[in-house]
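Residue-level structural notes
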Amino acid sequence: MNTGKVTGVISNLIFIEAVAAVTQNEICFIHAENKKLMAEVIKVEGSKISAQLFEMSMTIKMGSQVDFTGKMLEIELGPGILSKKYDGLQNDLTKMSGLFIEIGQTSAALDSDIYYKFTPIGKAGETVKAGDWLGSVKENWIDHKIMVPFALKGTYIIESVVEEGDYLIHDIVAVLTSENGEKTEVSMVQKWAVKRTIDTYKQKIRPNKILQTGLRVIDTLNPIAEGGTGYIPGPFGTGKTVLQQAIAKNTKADVLINVACGERANEVVEIFTEFPKLTDPDTGRSLDEKTTIICNTSNMPVAAREASVYVGMTIAEYYRAMGLKVLILADSTSRWAQALREMSNRMEELPGQDAFPVELPAVIANFYSRAGTTQLNNDEWGSVTFIGTVSPAGGNFKEPVTESTGKVARCFYALSQKRADAKRYPAIDPMASYSKYLDYPEFVENADSNIQKGWVTQVKRCKDLIRNGLEARDQISILGDDAVPVDYHVLFWISEMIDFALIQQDSFDDLDMKTPLKRQQYMLNKLMDIGETEFHFDEFAEVATFFKQVINVLKQMNYSAFDSAQFKKHEKELNKLLQDNKEKTLIES
Amino acid sequence: MGFKRIYTRISNITKATCTLKAEGARYGELARINGMPAQVISVIGENVTLQVFAGTEGVSSESEVVFTGSQPLLNVSDLLAGRFLNGYGEPIDGGPELHGEARAIKGSAVNPIKRSKPSTLLATGIAGIDLNNTLVTGQKIPFFANADQPYNQVLAEVAMRAEADKIILGGMGLSNDDYLFFKNTFTNAGVLNKIVCFINTSENPPLERLLIPDMACTAAEYFANDKKQKVLVLLTDMTLYADALAIVANKMDQIPSKDSMPGSLYSDLASIYEKSVQFAHGGSITIIGVTTLSEGDITHAIPDNTGYITEGQLFLKQDTDIGKVIVDPFRSLSRLKQNVIAKKTREDHPQVMNALVRLYADAKDAKTKKENGFDLNEYDKRCLEFAKDYSRRLLAVDVNMSIDQMLDTGWELLQNYFKKFEVGIKEEIMNKYWNDDRTIKA
Ligand SMILES: Nc1ncnc2c1ncn2[C@@H]1O[C@H](COP(=O)(O)OP(=O)(O)OP(=O)(O)O)[C@@H](O)[C@H]1O
Ligand SMILES: [Mg+2]
C-alpha cells in the first residue's frame, strides 16, 4: 500500500508527501488520534499531493501517516438503500451513536444482517453483460434487481444462480464465467465510483413523456419530462425548498432521491418527520419507503457537499438500471459550487468569474447530463429526472452557477422576489420560466394522445394570454386606468385570473397542494373558455369587480375536492357569474 | 499537552498575522504571542501562520510564542450564569475566574437525525413578529436593519418578553452605550441570574470578535444539552463579525469573492447559525441575530449569505406614514411559522395573515400609482387607508398583545375596509369569522 506523511494543513486542505505514485481523485486516509480521516486527492505534483479532507482538520498533526487506497470515492449499491438517511459519504446517520457527529465517525451504508427474499431471473447458461438482471429481491415494496456488476467488461455466461430463498446481502447469489473462463462470484452488493456514470443501458432517448408533479404551474405551463432536467433559481426565501419538497411529495416516481446539499438541518428534519407519515399518491405506501435522503447540511464537512450530489446521482442511476422511474432533487447545487470555490481558492488556483473555478460550467454540464430516459439491454425503460435548486448571490441570475446551469437544464423555474413578496406562491415567474419539452414533437404527440388533442397549443395560448395581460398592465401603469381602453383592463384581469387559479397553489393546503393532471386539464380548459370569451364592460372599475368575484370562486373550487358537491356548487356560481355578464352584454348590444 | 513549546523566531508580520518556524503545531491551535492570544490558521511544513486577535502591534521578530496544545476553550459550568466575559471567555465584570469543564469552542455538528422538529411557539407580543413571522424555539433568525434603526432595543425587548431559561448575549463591536444598555436592561428586569454575556465592544480589537459567536454557542450548548434548558442566543452585530473575517482573509492574500468577503463566508456563518437546535430532551438553542445593512441593501454578501442560512429574517423599517418603526411584512419571513400557525395558534391565522399582507401589497401599488401622478380609484383609496391602520395597529414594533388579539384586530381591519370577495379567504373560515352584520366603512 502506498503511504505518505502530512506536511501541511490549511483548514480542510491537506498537503502530503507521498512515497509512491498517486492518482488524481484517489481516496486516502489520514491517521489522527486513533481515527482514520477520509480525504480525496485533488492535485498531484510529483510526490507533493494536495487532498481535500471530508472532516475537520484540528486533530491532524504534521508528519501523520497517510494511507492511499488506490480507489476513487465509491459507494455500496445493494438492497436497503431506500428509506436510508445517509450523510454525503453514504454513512448511515441512523446507525451513528451519540448526539453529535464526532470527527472520523463512520457507519455501514447497508445492513449486512437483514435477509432479503431473492427470486432468480437469470438462468444458468444465459449470456449476460454488465447491468443485466440476475434476480430480484423485495426492498420495501419495490422489486430491487440484482444485476451483473456494472464494472464487468465483455460478456459472461451464467454458471449458476441460487434458488429462490432468503439471503444476506453478502451471500453469493450467482456465479458468472467470462469469455476466457474466469469465474466471478456475484453477491447483492457492488461498489461504484460516484463520479462515473452507470452506462450499462442500450440507448438514451429524448425525454417525451410528462412527469406529473401535481403542481399546476409546472405540469400545465412548464412540464418536466420523465428523464428530463430542470433547475429552480431564486433569491433566498422565495420558495425553492418548499417547491422542491412539494414536487417530492406529489410526483409520480418509483424512487425518490433527496439530496440536501449544504442547506439547513431543520429542513432535513422536516423530511425525516414528515415523509414516514405521508402516503405516496400512487401506491398508497408510506413515502419514506421509496425515498433515500442524502444529507450534508451546511454545518457538515464542506468537502462532502460535492460528494453528496454524486452519491445521490449514482444511487439514482442504480435504480434506473432496474427499469424504474427515479426522481432526484438537490437543494442547493450552489452550495456544491461554493465548496469547489472554497477549495480552489485555498489551492490558490487562477480563478474564473466570481472566484469560481474555471471548470465549473463543465462540471455542472457533466452532472446534468447523467439524467435521462434509458432503454435497458432487456428493452425495459428507466429514467432519472433531475431538478436542482440554485441560490444565486444577491438574487442576481447573472452569475456563474445560474448561467452554467441554464445552459444544460431543459426546464427553468425562475422564482421571483416580487411574487414571493406578494405571497403569490409558488413564486414561479410565468413569463421568464420555460420548458423546452413543449417544443419536442414527440412530447407534443404524447400529450395529444394522453391528455387531449392540441394540448400543447392550448398551453401556449394560455401563456399568450398571460403575456398579453402583463403587457396591458404595463400600459395601464404608464398611461393610467382611464387613459387606456377598457379592453386592456379585461386583458390584465384575465391574466390575473390565470395567475390566481392556475399558477398560484397553496403548498400547505392538503387538497390544493396536489392537482392531478385530469383536474389541471379541467382547469386549463375552463380558464381558456373564460379567457377567450368576449366581455363587455362599461367602465374599467366593473372589470376588476367582476374578475375578483370570478377569482374568488375559482379559488374556492381549488380548495374543494374535485367533482365534490362543494366543487359543483362553486362551479354553478361561476357559470352564473359568466352567464350574468353575457346577458348583460347581450342586452346592451 | 506535555511540555510547553516556546519559539522566538518570527519571520513575517502583517497587521493581523505572523509566521514563524515551529514544530508540532496543529491547525486551529491556540498560541500566545507576548501573552496575547493567537490562533494557527495555516501550517505548511515548518511554517506556521498565526492570526493575532489583538493585532500585531508590538509584535517583533523576537517576540515569544507559546503554543497551548489545544483549540480555544471555554470553561463551562453553571457558574457562567450572570457573568460578563470577553472573546476569550475571561471575566470583564471583575468577578472570579471561571471554573468548569474546558470545552473546545467549535464543537461538532449535531447528527441531523437526532434533532427534533422545532414546534414550540416563541411569543413576543409584537404582531409584526407573532402574526406575520411567528417564531419557534430552535429557530435561527436575524433582524435586518439599517444602522439608524433601534435594532438593539428591539432585540432586548424580544429577549425580555420571550420565554427562556437562559439568555446568552454575543456582542460584537457593540458601542459602549449599547453594551451598557443591555447591561441595564438585564439588571432592571432582574434577570441577571439567567444571562451570560460575551462582549467585544468597538473599543476592543476587531479580530477578537471572531471568537464571540463560538463562545456564545458553546455556552448555549452547555445549558441546552447538558442542562436541557431553553436557551436564547442574541448575536449583534453579525455584520461586524463578517467584516473581521474579511480582514483576516485579506491579510492571508485570499482571493475575495463578492463585496470583498471571503469565499467561505457562507460556510463560516452557517457553522454559527446551525448551532440552533431543538433537542428531543426539551433543551433548545434559539438564535436571534442582528445584521446591519448599508442603506437597506440586502443583496450585499453579508445579508445575502445570512438570508440563505437563517430561517427567515425580520426586516425593520421606518414607516414614514405613521412615524414608527415597523416589521416590514414584505421582506420579513419566518420559515418555521408553518410549524406552529393554525397548529398552536387559531385556525384562521394563516389565512388572515396572508390576506392582510396581500392587501397591503395592493396598497403599495396604489401608492406607487399616486406617486406617478395617476388618479386613484375607489379600491386604491380604501387600500391606502387600510395600510395606515394596519401599520399602526399591527406592524409597529411598539405593539404588545396576544396572538388571538392580533387575529381579531386583523378581521376588524378586513371588515372595515374590504368586501367579502376582496379578501380571498377560504369559505369555511369566512363563514366562521366574517361577521355579516358589520357594515363596511367605505
Ligand atoms: N408554495 C408556498 N406556499 C406558501 N408559502 C410558501 C410557499 N413557498 C414558500 N413559502 C414561504 O416562503 C418561505 C421560504 O421558502 P423556502 O424555504 O422554500 O425558500 P428558499 O428559496 O428555499 O430559500 P433559501 O434559498 O434561503 O433556502 C417558506 O418558509 C414559506 O413561508
Ligand atoms: Mg431553501
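Here goes a summary of the coordinates provided.

Analysis parameters
- Residues numbered from 1 in each chain as written.
- Chains lettered and ligands numbered in written order.
- Predicted model: local features only at pLDDT ≥ 70, side-chain atom pairs only at ≥ 80, totals over all residues.
- Heavy atoms only, no water.
- Helix = DSSP H or I, 4+ residues; strand = E, 2+ residues; numbered from the N terminus.
- Rg over C-alpha atoms; globule rule 2.2 N^0.38 Å.
- Buried < 20%, exposed > 50% of the residue type's maximum accessible area, 1.4 Å probe, protein only.
- Contact = heavy atoms within 4.5 Å.
- Areas by Shrake-Rupley, 256 points an atom, 1.4 Å probe, with all protein chains shown as cover.
- Near = heavy atom within 4 Å.
- Polar contact = N/O pair within 3.5 Å; in protein donor to acceptor, adjacent residues only side chain to side chain.
- Nonpolar A, V, L, I, M, F, W, Y, C, P; charged D, E, K, R; others polar.
- Phe/Tyr/Trp six-rings, centres within 6.5 Å; stacked < 30°, edge-to-face > 60°.
- Expected span 1.5 Å × (residues − 1).
- Pairing = 2+ DSSP bridges.
- Core = buried A, V, L, I, M, F, W, Y, C linked by side-chain atoms within 4.5 Å.
- Domains from an automatic or database assignment.
- Salt bridge = Lys/Arg side-chain N within 4 Å of Asp/Glu carboxyl O.
- Axes fitted to C-alpha atoms, helices over the stretch in contact; angles between N-to-C directions.

**Overview of the overall build of chain A**
- Of regular secondary structure, chain A possesses 14 helices and 26 strands.
- The C-alpha radius of gyration computed for chain A amounts to 27 Å, which stays within 12% of the reference 25 Å derived for 589 residues, consistent with globular compactness.
- In terms of principal-axis extent, the alpha carbons of chain A reach across some 95 × 55 × 40 Å.
- Evaluated residue by residue, chain A yields a buried proportion of 62% over its 589 residues.
- For chain A, restricting intrachain contacts to residue pairs at least 6 apart in sequence, the fraction spanning at least 24 positions comes to 69%.
- Just so you have it, chain A exposes about 22,100 Å², and 52% of that area is on carbon and sulfur atoms.

**Here we look at the site of ligand 1**
All names here are of chain A.
- Close to ligand 1 lie 19 residues; Gly237, Lys240, Thr241, Val242 and Arg264 are nearest.
- Between an oxygen atom of ligand 1 and a main-chain N or O atom of glycine 237, the distance comes to 2.8 Å.
- Valine 242 is positioned with one of its backbone polar atoms (N or O) 2.7 Å from an oxygen atom of ligand 1.
- Surface burial for ligand 1 is 95%, taken as the share of its 630 Å² of free accessible area covered by protein chains.
- Counting residues per element, the shell around ligand 1 draws most heavily on helix H2 (residues 240-250), which supplies three residues.
- Considering only residue class, the shell around ligand 1 consists of seven nonpolar, seven polar and five charged.

**What to know about the side chain of B:Thr137**
Residue and element names in this part refer to chain B.
- As for its position among the elements, threonine 137 is in the loop between strand E12 (135-136) and strand E13 (140-146).
- Of the polar contacts made by the side chain of threonine 137, one reaches the side chain of glutamine 278; its length is 3.0 Å.
- Beyond its immediate sequence surroundings of up to four residues, threonine 137 is in contact with Pro118, Thr120, Leu122, Lys230, Gln278, Ser284 and Thr286.

**Observations regarding the packing of aromatic side chains**
Residue and element names in this part refer to chain A.
- Inspection of the entire model under this criterion finds 40 aromatic pairs over all chains.
- Judged by centre distance (5.4 Å) and plane angle (75 degrees), the rings of tyrosine 318 and tyrosine 319 are edge-to-face. Each of the two residues, tyrosine 318 as well as tyrosine 319, counts as buried.
- On the numbers, 6.4 Å between centres and 50 degrees between planes, the contact of phenylalanine 537 with phenylalanine 547 is tilted. Taken together, the residues span a long stretch of sequence, with phenylalanine 537 in the loop between helix H12 (517-531) and helix H13 (540-559) and phenylalanine 547 in helix H13 at a distance of ten residues. This pair shows no difference in class: phenylalanine 537 is buried, exactly as phenylalanine 547 is.

**Some thoughts on H13(A)**
- Across its 20 residues, H13(A) extends 29 Å between first and last C-alpha, which sits within 8% of the 28 Å expected from 1.5 Å per residue.
- Of all the 20 residues making up H13(A), 16 are buried; the element is thus mostly covered by neighbouring parts of the structure.

**Comments concerning the pairing of strand E3 (residues 17-21) of chain B**
Residue and element names in this part refer to chain B.
- In terms of burial, E3 is largely enclosed, as four of its five residues are buried.
- When strand E2 (residues 10-13) meets E3, the two strands line up antiparallel, connected through three bridges. The residue of E3 that forms the bridge with isoleucine 13 is cysteine 18.
- Linking E2 back to E3 in an antiparallel pair, the connection comprises three residues.
- Where E3 and strand E6 (residues 47-52) come together, five bridges link them in antiparallel fashion.

**Observations concerning the nonpolar core**
All names here are of chain A.
- Ranked by internal contacts, the top residues of the largest apolar core, which has 81 residues, are Ile247, Met497, Phe547 and Leu554.
- With ten residues, the single largest contributor to this core is helix H11 (residues 486-503).
- Mapping this core onto the domain boundaries places at least three of its residues in each of domain 3 (203-435) and domain 4 (455-588).
- Counting 69 residues, the second largest nonpolar core, distinct from the first, contains Val194, Ile257, Leu324 and Phe386.

**Examining the interface of chain A and chain B**
- Counting residues at the interface gives 85 residues for chain A and 75 residues for chain B.
- Linking chain A with chain B are six salt bridges, by the criterion used here.
- Taking the shortest distance from any N to any O, the salt bridge between A:Glu270 and B:Lys117 comes out at 4.0 Å.
- The tally of links between chain A and chain B comes to 29 residue pairs in polar contact (both at pLDDT 80 or more).
- Judged from the two bridges that link them, strand E1 (residues 3-10) of chain A and strand E5 (residues 36-44) of chain B form a sheet pairing that is antiparallel. Residue A:Gly8 lies in a different strand from E5(B), and its bridge partner there is B:Ile44.

**Details of H11(A)**
- Between its first and last C-alpha atoms H11(A) spans 25 Å; for 18 residues at 1.5 Å apiece the expected length is 26 Å, and the two agree.
- Of all 18 residues in H11(A), 14 are buried, a share of seventy percent or more.

**What to know about the sheet that holds strand E12 (residues 142-147) of chain A**
Residue and element names in this part refer to chain A.
- In space, the four strands of this open sheet follow the order E12-E11-E9-E14, with antiparallel pairing throughout. Edge positions in the open sheet fall to E12 and strand E14 (165-167), since each of these has one partner strand only. Averaged over all adjacent pairs, the angle separating strand axes in this sheet is 40 degrees, with direction ignored.

**Concerning the environment of A:Lys325**
- Here A:Lys325 lies in strand E22 (residues 325-331).
- The residues contacting A:Lys325, other than those within four sequence positions of it, are A:Leu211, A:Glu226, A:Lys252, A:Ala253, A:Asp254, A:Val255 and A:Ser383.

Everything listed is a geometric property; what it means functionally is a separate question.
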